[in-house]
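Each chain is listed here by its residues.
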Amino acid sequence: MPRKGLRPRDRRDLPPADFKYGNVLISRLINKLNYQGQKRAAEKIVYGAMLILQEKGKDDPVKLFNQCLENVRPLLEVRPRRVGGATYQVPGEVKPLRSTTVAMRWLIEAAESKSGKPMAERLAEEILAGNRKEGFAFKKREDAHKMAEANRAFAHYRW
């Protein structure tokens, strides 16, 4: 530890909002979906999914996406903590920035795990499922919460 105390963690400014919807979260989803520098391909996928959401959802796609993120983001998670010779799964709260990042990662993983349709359709289906509190990403959230609840006895090891 430095003698002058810990420096505050500098968080970069939020990324610029995307050009079509002007939403920072959609911009973050595009950047998360970006693979091997193919940002245009990621934009096509996300904007295609938003068009599908607009057709199926009969509502603002950005609003649907935000609602899905709220339903899917985890509030609790477990982290391994080594005490003595044993490793305990210690539950703890998740910071908001991390929880939205994890939710986006789960949505993308869920869409990638399916097959037979274009990625934009799979992503749109997973977002709609997240709105209904169903689907793979929502199940991952529930599993994380169950795991945290099951390991509540180790909460006093939290750091």
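Right above here is the structure, for reference.
Residues numbered from 1 in each chain as written. Predicted model: local features only at pLDDT ≥ 70, side-chain atom pairs only at ≥ 80, totals over all residues. Heavy atoms only, no water.

Caption draft 1: How the structure looks around the pairing of strand 1 (residues 76-83). Note that strand 1 and strand 2 (residues 86-93) share eight bridges and pair antiparallel. Bridge assignment links V78 to a residue of strand 2, and that residue is P91. (Pairing = 2+ DSSP bridges. Helix = DSSP H or I, 4+ residues; strand = E, 2+ residues; numbered from the N terminus.)

Caption draft 2: Summary view of the packing of aromatic side chains. Inspection of the entire model under this criterion finds three aromatic pairs. Ring plane angle 75° and centroid distance 5.5 Å describe the contact between F19 and Y47, whose orientation is recorded as edge-to-face. Of this pair, F19 sits in the segment before helix 1 (24-33) while Y47 sits in helix 2 (residues 39-57); the two residues are 28 residues apart in sequence, bridging distant segments of the chain. Its relative accessible area of 63% is what places F19 among the exposed residues. Ring geometry for Y21 and Y47: centres 6.0 Å apart, planes at 50°, overall tilted. Here Y47 lies in helix 2 and Y21 lies in the segment before helix 1, a separation of 26 residues in the sequence. Overall, the relative accessible area of 26% leaves Y21 in the partly exposed class. (Phe/Tyr/Trp six-rings, centres within 6.5 Å; stacked < 30°, edge-to-face > 60°. Buried < 20%, exposed > 50% of the residue type's maximum accessible area, 1.4 Å probe, protein only.)

Caption draft 3: Structural context of the pattern of salt bridges. Overall, the coordinates contain twelve salt bridges when judged by the stated rule. The residue E125 makes a salt bridge to K117 at a minimum N-O spacing of 2.4 Å. Here K117 falls in the partly exposed class, since its relative accessible area comes to 38%. Each of K114, K117, E125 and E126 takes part in a single network of salt bridges with overlapping partners. (Salt bridge = Lys/Arg side-chain N within 4 Å of Asp/Glu carboxyl O.)

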